[in-house]
Amino acid sequence: MKHVLIVFTGEFKTQIYPLGGVFQYEHALALNKNGIKTGVIAPGLLSVRRILKKYPYKKYELIKGIPVFRYFKQNFFPARIGLYNLLLAKEYEKIGLDLFEKYIKKFGKPDLIHAHDIRFGIYVANVINKKYKIPFLTTECSSETVENLFPNPLKKSAISILKKSKAVTACSKPFSKVFSKKLELKNIKVGTIYPVLPHDLSKNLTLKKKERKVFTFITVNRLDKNKNIKLIVKSFIKGFKNENAILKIIGHGPEFKNLINISKANNTEKKIIFIRKATREMMKKELANSDCFLSSSFHETFGVVLIEALALGVPVISTRAEGPSEIVNNKNGFLVKHNDATSYTKCMKKIFLKKKKFNRLNLRKNIIKRFGTHKFIETTIKIYKKCLR
């Protein structure tokens with residue numbers, strides 16, 4: 001197996017959305033750096049929120065040796081309309097097949113197609129398979145299924161396509177089980193392909209001494225109801241209003257104003273710092289200078305930012321969501337029940353008061369061993385080879 005094509009249905013690393021497809025990009029980089037020719041096609045239907053807004057993007061781009069083909073069309077109706085998704089799937093098939101044919105003219109046919117997401121990546125992989133007989137496998141990382149947001153009208157056709165997939169995988173073992181149960185995948189085994197630790201944190205780096213004297217808790221997340229950042233804010237207020245500690249919240253989303261109001265109502269505006277936008281370098285610097293990373297999601301299919309924090313020697317406290325329950329253990333942090341502010345605060349106190357100490361270098365070494373490039377390549381290639389037998 002020498003050549004893999006990744007299918008990502010969405011805004012892949014565009015000027016307006018540079019974080020789009022970032023996990024798939026890291027996947028492609030890891031394969032490419034280990035001698036496997038890898039490309040990406042990214043068909044997309046832009047959200048209705050983009051109507052009348054300019055969306056500049058490159059239809060073809062070479063990013064660190066990874067050829068990326070994009071084509072986006074404007075969508076005029078909300079994708080939450082269930083039956084409309086059947087039409088969207090057909091549109092993705094057309095755009096995806098066209099991109100594929102442009103790709104193979106320039107780079108030749110791949111041995112294997114790796115479709116990321118069942119809405120709508122598998123539809124693109126399937127239409128390519130029908131015409132060109134190239135086998136495909138699937139990896140699901142979206143939380144749509146566990147949040148009951150996957151459109152019912154697509155379930156029958158999605159399951160039919162998954163039966164043709166040479167392997168069906170999800171991004172953590174706990175999520176694989178929930179994904180299988182939610183879609184009622186009887187007779188379809190769901191394996192696991194973990195996201196890889198980003199390359200800029202996998203390479204050799206020195207863990208520098210903390211720059212700040214004040215103890216810093218941090219979270220990096222979309223501010224929505226599923227991420228439940230309210231639990232973190234309330235736990236911090238409960239235990240650290242009068243302590244030499246601050247909480248940094250990097251991210252934005254629909255819960256932003258609500259969280260600001262909670263902070264104002266408790267007179268903690270100077271202790272709870274909101275950073276709505278941060279570059280990759282800024283985020284890494286903030287993580288590296290923090291003392292404890294916090295996660296509070298109801299559902300989290302994996303949690304790449306958790307392994308990023310650990311790779312920078314920062315211990316983690318998380319609720320028992322799917323991915324974090326596999327990442328976090330008593331050697332690198334604490335797991336807490338959902339919405340249990342009392343227990344969450346107690347765990348924060350243990351780290352703050354150094355009742356539980358963590359060796360930063362050991363945190364880094366362990367997470368690289370579990371989710372670094374070497375482990376990712378070893379497990380992913382094994383699955384790829386099975387797909388081609």
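Located above this text is the structure these notes cover.
The rules behind these values
- Residues numbered from 1 in each chain as written.
- Predicted model: local features only at pLDDT ≥ 70, side-chain atom pairs only at ≥ 80, totals over all residues.
- Heavy atoms only, no water.
- Helix = DSSP H or I, 4+ residues; strand = E, 2+ residues; numbered from the N terminus.
- Buried < 20%, exposed > 50% of the residue type's maximum accessible area, 1.4 Å probe, protein only.
- Contact = heavy atoms within 4.5 Å.
- Phe/Tyr/Trp six-rings, centres within 6.5 Å; stacked < 30°, edge-to-face > 60°.
- Pairing = 2+ DSSP bridges.
- Right-handed = clockwise from strand over helix to strand, strands pointing away.
- Core = buried A, V, L, I, M, F, W, Y, C linked by side-chain atoms within 4.5 Å.

## Thoughts on the environment of F76
Within the fold, F76 resides in the loop between β4 (66-74) and α2 (84-107). Note on F76: relative accessible area 55%, which makes it exposed. A C-alpha to C-alpha distance of 23 Å links F76 and V7, two positions 69 residues apart in sequence. With sequence-adjacent residues up to four places away left out, F76 is seen in contact with V48, I51 and Y84.

## Some points on the packing of aromatic side chains
Counted by the stated rule, this structure contains 25 aromatic pairs. Geometrically, the ring pair formed by F69 and F107 is edge-to-face, given 6.2 Å between the ring centres and 85 degrees between the ring planes. Here F69, found in strand β4, pairs with F107, found in helix α2; they are 38 residues apart in sequence, far enough to count as distant. Given the relative accessible area of 6%, F69 is considered buried. Geometrically, the ring pair formed by F175 and F179 is tilted, given 5.9 Å between the ring centres and 45 degrees between the ring planes. Here F179 and F175 lie together in helix α5 (residues 173-182), a separation of four residues that amounts to about one turn. Taking relative accessible area as the criterion, F179 reaches 1% and is therefore assigned buried.

## A few points about the pairing of strand β2 (residues 37-46)
Within β2, nine of the ten residues are buried, which leaves it mostly tucked inside the rest of the structure. Sheet topology note: the strand β1 (residues 3-8)/β2 ladder contains five bridges and is parallel. Bridging from a neighbouring strand, I6 pairs with V40 of β2. In terms of handedness, the path from β1 via helix α1 (residues 22-33) over to β2 forms a crossover that is right-handed. Direction of pairing for β2 relative to β4: parallel, over a ladder of seven bridges. Looking at the pairing, V40 lines up with V68 of β4.

## Looking at the environment of K33
For K33, the position within the fold is in helix α1. Along the chain, K33 and K64 lie 31 residues apart, while their C-alpha atoms are 9.8 Å from each other.

## Here we look at the nonpolar core
Within the largest apolar cluster, 98 residues are counted, with the highest numbers of intra-cluster contacts made by I41, F217, F293 and I317. It is α2 that provides the largest number of residues to this core, a total of ten residues. Aside from chain neighbours lying at most four places away, what touches F217 is F236, F240, A245, I246, L247, K248, C292, L294, M348 and F352. One finds L31, I36, L137 and I377 within the second-largest nonpolar core, a separate group that totals 15 residues.

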